[in-house]
Protein chains: 2
Amino acid sequence: MKVVIVGGVAGGMSTAARLRRLDERAEIVVLEKGPHVSYANCGLPYHLGGVIEDRDALLLQTPGSLRARFALDVRTGHEALSVDPAARTVTVRAGDTVYAESYDHLVLSPGARPVVPDVPGIGRALALRDVTDTDRIGAAAEGAGTAVVIGGGFIGVELAENLRRRGLEVALVERDRQVLPPLDPEMAAPLAAELSAHGVDVRLGTEVTKVLPRAVELSDGTTLPAGLVVLAIGVRPDTALARTAGLTIGARGGIAVDERQRTSDPRIHAVGDAAEKPDHLTGEAALVPLANLANRHGRLVADALAGRPVRSAPAIGTAVARVFGLTAAATGWNEKRLAAAGRPHRVLHVHPASHAGYYPGARPLALKLLVDPGTQRILGAQAVGAEGADKRIDVLATAIRGGLTAPELADLELAYAPPYGSAKDPVNMLGHVADNLATGTTATLQWHELDRALADGAVLVDVRSPAEHRAGAIPGARNIPVDALRARIAELPADRPVIVHCQVGVRGHVAARLLAQHGRRVHNLDGGYLTWNAARAVPGARGSG
Amino acid sequence: MKVVIVGGVAGGMSTAARLRRLDERAEIVVLEKGPHVSYANCGLPYHLGGVIEDRDALLLQTPGSLRARFALDVRTGHEALSVDPAARTVTVRAGDTVYAESYDHLVLSPGARPVVPDVPGIGRALALRDVTDTDRIGAAAEGAGTAVVIGGGFIGVELAENLRRRGLEVALVERDRQVLPPLDPEMAAPLAAELSAHGVDVRLGTEVTKVLPRAVELSDGTTLPAGLVVLAIGVRPDTALARTAGLTIGARGGIAVDERQRTSDPRIHAVGDAAEKPDHLTGEAALVPLANLANRHGRLVADALAGRPVRSAPAIGTAVARVFGLTAAATGWNEKRLAAAGRPHRVLHVHPASHAGYYPGARPLALKLLVDPGTQRILGAQAVGAEGADKRIDVLATAIRGGLTAPELADLELAYAPPYGSAKDPVNMLGHVADNLATGTTATLQWHELDRALADGAVLVDVRSPAEHRAGAIPGARNIPVDALRARIAELPADRPVIVHCQVGVRGHVAARLLAQHGRRVHNLDGGYLTWNAARAVPGARGSG
């Protein structure tokens, strides 16, 4: 069996190494157009920032090391130009030479290409996809003084942080009204603030319209100095080679594959960023350019080629990024996507401490959960905080995979000692809130529903302490501390609906239950003052005031 | 409805607060024999060590605050002496007064009592269960100079660390051959070493036979100075009150309850450390004295009393402790317990980096997984390391609850960026190894099986680099680096079974697959040199040499 693999990074190299472990006799050829294979692409931004000082640390393997360990024929500087599926050959260019390589099975792992906006002068903008790009950006950053990062996604934010760390004046330009699109705007707002606090000039809701030799022009009319321009508005599956083979391209623009990663040609498999993945929620094709999936699917293809049964699983999509002192993480679908798809969903926010509040170093953690109101299925989750955000998202991603309902999160037995969590872990808290919502024990109101409810005549009651109320209050809120509420119910007009809120939602829940049992129509403002206040920072968001 | 709750900490107070949120009219009386309610008992050791400086930080609520918020009638200094189930009364002593309190429903949450060994002079030993105990130990520590902690469980280890932090010379005496019994010995060995490295005199495999006024005598004949003696060999359910009510006591010595936490008297519920829990694996009664379960069951009882449907779940048992710079965490069953119960189990160890190795600060993480070899069900897991141990155990505890099989751990989509994990997370690695074992792709040998296999004629091959081999090798191992193995197979006698090992098991797997495909009978030493070397530190362990 001769297997030719196009692309020598995550997906392709996972196939190659696994296949060798399963089949000592297979002929395995890896074609990589660049000069490096098996490099740590998720580490590239950190090398730019000097966090990973040693460039060689990024180069996990070389053709020589892969030959020694796995008897792989790894050819760097070899670009696959086209595929002839009938002849089962790949046309390859290596330097000035063009030749045909035959295969029994072909595995495509060509990755993705940066999306390049149609803007004058954009040719100067550099994108970060591989080690060579890193070298190029690093060289361009020397003496540049100023940098504009176009795109506020995970890579853009990591680039902004690392260019800042390198000493450049950095602006981040994002067309959307928020950074980090996998999160919803009220969850992302603290991350934009964190970037600003560390000297990044965050420009939301605007886009680059022109790249000049030392500056960029924005659609809002401003001009930003830009010795360096970095492009990070997203990627698009690299399907050029697949098209030469006549393979089916899916609805989302990636190579269409079945649950065994087989393309429309049974002799050709595809993995990684170039291939579509079935979405966990809908089963429909999706683009999920993440290393975890590339590796998993690479291994799966090796198993399939070796004639083994394979176990496939749809893609949930879990991602994390560090943003200076904060961590942002998400899994599954967000509210924007659910709303756009018209999918019923329930939203809840909690703001627990990352570990027991009485133990030093506890930091606030914002968690958001999206739940199917019919089945209680967990649709997605987001976490932002200085500590423990990645842990909670990992737990929630595992809960999604395990098919736990949102209320069942309350039953998870998570490791508790004061340095690590709470007897009721933040994830348990999500379960409690979800359970209260599912059983109708409590009714909540989202931050963006508040203005309308108040306009419709609701009374807003801040049940925090007077000191908290004085330190920052929602306009129009009347302050009745929760501990005084039982005695002061009569102060609330009996004929008007009541909205209660506290700082994070917990005391609000106590207050809401109390008032409901006294016959009041009451909603608790979900996520309390903290969620409302975060949302207020979102440009153009309702609820601001 | 009048509900009397005995015990005002985790379980009892969860019942009380939740019941009030569900029922504004219930009369709720909480009887607590001590002077405090709702204190942070898991924080007590850290107050002793000065990590939690402010004693008031431990006191989360007071009778006054609970009255204000939840209209609870909380009576500290009130000891429940006996129950008359026919009359539905509790006899209560408060100071010099004894009176009868009637109830419609009684909830018992009396907790557990320290196990006290029958040793002369043991009366001087102090146990840590509540804030008063903390004050007492703190006072006794002043000027004590030396301390002996009896018992190397989670509390004992936390006490040793915190007394050390307070400046005392501390010895830890544990009858077992390891600290932290929820872990298996080879996983616990690095924790004993960590204690020793921080100046704790760890005495394993011996016990205190006599407590003298300023010292203790051990069964191994030594005498240790002990200005202070602290007792932490475990707890036993406090069933004294339950017995006065004639309630059924279970096989494990706790109050027997059904899935609604109801005792043998339908008017009496029990929660917390005093109550037995159904084990997740067997469904049999178990003792699991953990705060998470106390809170969960406390809430469940409130729901049951309010007439709501309840969702009960068996206990998995997840625990964590910090041991100076390391974290030790475990969930489910360990190997010792599985072996003792005669339950079939497969064992696997991995030693990945806590996050991407090329990103600064990655620390080694030891993970152990116990798997049912028939169903691939996850039976338990353990983690030890400086970073990320709690996260991985939380993920694994969630996977157990969600019913994922061990190979399915490979499919988890966990949050990956270089500061947080790897594209193949340590938990994914466990899944890959489990999958290889389940499919017969690889065969492994445990550290304690090595001596026997070698005696039976197996050849041991160290496939690490010569430098690694020189730095520390298993006696009798021949060094053939994995990258040279393909060319040097002929050096291995064809008629003898081969055992390969590397540092952690990964290269050993590559080598084992290579040799197996060349027709050799081969086993990979599970967990590699690191697990073998850790096990060597276990007193009396096989595999030492």
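Worth saying up front: this structure is predicted, and the values here are computed from it rather than measured.

## Considering the packing of helix α1 (residues 10-22) of chain B against helix α8 (residues 291-305) of chain B
All names here are of chain B.
Here's step 1: Close contact between α1 and α8 brings their axes to 7 Å; oriented N to C, the two are set at 35 degrees. Crossing handedness for the pair α1 and α8: right-handed. Where α1 abuts α8, its residues A10, G11, S14, T15, R18, L19, R21 and L22 lie against A294, N295, G298, R299, V301, A302, D303 and L305.
Here's step 2: A breakdown of the residues in the contact of α1 with α8 according to their chemical character gives seven nonpolar, five polar and four charged.

## Section: the pairing of strand β1 (residues 2-6) of chain B
All names here are of chain B.
Here's step 1: The element β1 is extensively covered by neighbouring structure, given that five of its five residues are classed as buried.
Here's step 2: Residue alternation in β1 divides its side chains into two sets, K2, V4 and V6 and V3 and I5, and both sets are buried.
Here's step 3: A crossover connection joins β1 to the parallel strand β2 (residues 27-32) through α1; in handedness this β-α-β unit is right-handed.
Here's step 4: In the sheet, β1 pairs with strand β7 (residues 105-108) via four bridges, with the strands oriented parallel. Considered in β7, the bridge of V3 is made with H105.

## Structural notes on the relation of the copies chain A and chain B
Here's step 1: Mapping chain A onto chain B calls for a screw motion: a turn of 180 degrees about the axis and a shift of 0.0 Å along it, with 0.0 Å RMSD after fitting. What the superposition gives is, in effect, a two-fold axis relating one chain to the other. Within chain A, the C-alpha atom positioned nearest to the axis of rotation is that of G402 of chain A, 2.1 Å from it.
Here's step 2: Most of the interface of chain A is mirrored in chain B, where 100% of its interface residues again form contacts.

## Structural notes on the environment of I474 of chain A
Residues and elements named next belong to chain A.
Here's step 1: Take I474: it is sitting in the loop between α13 (466-471) and β28 (478-479).
Here's step 2: Judged by its relative accessible area of 3%, I474 is buried.
Here's step 3: Sequence separation between I474 and N533 is 59 residues, and the spatial gap between their C-alpha atoms is 8.4 Å.
Here's step 4: Non-local contacts of I474, meaning those with residues more than four positions away in its chain, are made with L450, L460, H501, L525, Y529 and W532.

## Observations concerning the side chain of H105 of chain A
Here's step 1: For H105 of chain A, the location among the structural elements is in strand β7 (residues 105-108).
Here's step 2: Residue contacts for H105 of chain A: discarding those within four places in its chain leaves M1, K2, V3, V4, R267 and L305 of chain A.

## A short note on the packing of aromatic side chains
All names here are of chain A.
Here's step 1: For the coordinates displayed, the defined rule picks out four aromatic pairs over all chains.
Here's step 2: Summarising the aromatic geometry, the rings of Y529 and W532 are spaced 5.7 Å apart at their centres and angled 35 degrees between planes, so their arrangement reads as tilted. Of the two residues, Y529 and W532 are both situated in helix α16 (residues 528-536); the distance of three residues between them amounts to about one turn of the helix. Of the two residues, Y529 and W532, neither departs from the other in class, the shared state being buried.
Here's step 3: Above the plane of the ring of W333 lies R337, whose end atom (NZ or CZ) is 3.8 Å from the centre.

## Section: the sheet that holds strand β10 (residues 146-150) of chain B
Residue and element names in this part refer to chain B.
Here's step 1: Strand order in the open sheet made by the five strands is β9-β16-β10-β11-β12, with parallel pairing throughout. Strands with a single pairing partner mark the edges of an open sheet, and in this sheet they are β9 (126-127) and β12 (201-204).
Here's step 2: Relative to strand β16 (residues 228-231), β10 runs parallel, the two sharing four bridges. Residue pairing in the sheet places I150 in a bridge with L231 of β16.
Here's step 3: Lying on the sheet, helix α5 (residues 154-165) is in contact with β10, β11 (169-174) and β16; it crosses β11 at an angle near 170 degrees.

## Focus: the packing of helix α6 (residues 185-197) of chain A against α16 of chain A
Residue and element names in this part refer to chain A.
Here's step 1: Where α6 contacts α16, the two axes come as close as 8 Å, and the packing angle between them is 70 degrees. As far as their axial angle goes, α16 and α6 are roughly perpendicular. Counting all contacts with α6, which are made through E186, A189 and P190, the residues of α16 involved are T531, A534 and A535.

## Observations regarding α16 of chain A
Here's step 1: For α16 of chain A, the set of buried residues is G528, Y529, T531, W532, A534 and A535 of chain A.
Here's step 2: Buried residues along α16 of chain A sit against α6, β23 (346-350), α12 (450-455), β29 (498-501) and β30 (522-525) of chain A.

## Here we look at helix α11 (residues 426-438) of chain B
Residues and elements named next belong to chain B.
Here's step 1: Along its 13 residues, α11 runs 18 Å from first to last C-alpha, staying within 8% of the 18 Å computed at 1.5 Å per residue.
Here's step 2: Counting buried residues in α11 gives 10 out of 13 residues, a clear majority hidden from the surface.
Here's step 3: Three or more residues of α11 are buried, namely P426, V427, N428, L430, G431, H432, A434, D435, N436 and L437.
Here's step 4: After α11 finishes, the residue G440 shows a positive phi value of roughly 70 degrees.

## Quick word on the domain arrangement of chain A
Residue and element names in this part refer to chain A.
Here's step 1: When cut into domains, chain A gives domain 1 (2-111 + 237-305), domain 2 (122-233), domain 3 (325-438) and domain 4 (444-536).
Here's step 2: Each of domain 3 and domain 4 has a C-alpha centre, and these two points are 23 Å apart.
Here's step 3: Between domain 3 and domain 4, a total of about 740 Å² is buried, with carbon and sulfur atoms accounting for 51% of that surface.
Here's step 4: Here domain 3 and domain 4 share six residue pairs in polar contact (both at pLDDT 80 or more) between them.
Here's step 5: Of all the elements in the fold, those that place two or more residues in the side of domain 3 that touches domain 4 are β23 and α11 (426-438).
Here's step 6: Tallied by class, the residues present in the side of domain 3 that touches domain 4 amount to four nonpolar, three polar and one charged.

## Some remarks on the interface of chain A and chain B
Here's step 1: Each partner contributes residues to the interface: chain A has 86 residues there, and chain B has 86 residues.
Here's step 2: Between chain A and chain B, roughly 7500 Å² of surface is buried when both sides are summed, and carbon and sulfur atoms account for 52% of that area.
Here's step 3: Applying the counting rule to chain A against chain B returns 16 salt bridges.
Here's step 4: The partner of R486 of chain B in a salt bridge is E24 of chain A, with the nearest N and O atoms 2.5 Å apart.
Here's step 5: Looking at the side of chain A that touches chain B residue by residue, the classes come out as 43 nonpolar, 17 polar and 26 charged.

## Details of the pattern of salt bridges
Here's step 1: Summed over all chains, the structure comprises 66 salt bridges over all chains.
Here's step 2: Between E101 of chain A and K2 of chain A there is a salt bridge; the shortest N-O distance is 2.5 Å. Placement of E101 of chain A in strand β6 (residues 97-102) and of K2 of chain A in strand β1 (residues 2-6) is noted, with a sequence separation of 99 residues between them. As far as the burial class goes, E101 of chain A and K2 of chain A line up, both buried.
Here's step 3: Ionic pairing is found between D394 of chain A and K391 of chain B, a salt bridge with its closest N-O pair at 3.8 Å. Here D394 of chain A is found in helix α10 (residues 389-402), whereas its partner K391 of chain B is found in helix α10 (residues 389-402) on a different chain. Across the pair, exposure class does not vary: D394 of chain A and K391 of chain B are buried alike.
Here's step 4: Through salt bridges with shared partners, a single ionic network connects K2, R67, D73, R75 and E101 of chain A.

Rules used in this analysis
- Residues numbered from 1 in each chain as written.
- Chains lettered and ligands numbered in written order.
- Predicted model: local features only at pLDDT ≥ 70, side-chain atom pairs only at ≥ 80, totals over all residues.
- Heavy atoms only, no water.
- Axes fitted to C-alpha atoms, helices over the stretch in contact; angles between N-to-C directions.
- Helix = DSSP H or I, 4+ residues; strand = E, 2+ residues; numbered from the N terminus.
- Left-handed = near helix turned anticlockwise from the far one by under 90°.
- Contact = heavy atoms within 4.5 Å.
- Nonpolar A, V, L, I, M, F, W, Y, C, P; charged D, E, K, R; others polar.
- Buried < 20%, exposed > 50% of the residue type's maximum accessible area, 1.4 Å probe, protein only.
- Right-handed = clockwise from strand over helix to strand, strands pointing away.
- Pairing = 2+ DSSP bridges.
- Least-squares fit on C-alpha atoms with pLDDT ≥ 70 in both.
- Phe/Tyr/Trp six-rings, centres within 6.5 Å; stacked < 30°, edge-to-face > 60°.
- Lys NZ or Arg CZ within 6 Å of the ring centre and 35° of its normal.
- Parallel < 35°, antiparallel > 145°, perpendicular 65-115°, else oblique.
- Expected span 1.5 Å × (residues − 1).
- Domains from an automatic or database assignment.
- Buried area = accessible area lost by both parts, 1.4 Å probe.
- Polar contact = N/O pair within 3.5 Å; in protein donor to acceptor, adjacent residues only side chain to side chain.
- Salt bridge = Lys/Arg side-chain N within 4 Å of Asp/Glu carboxyl O.

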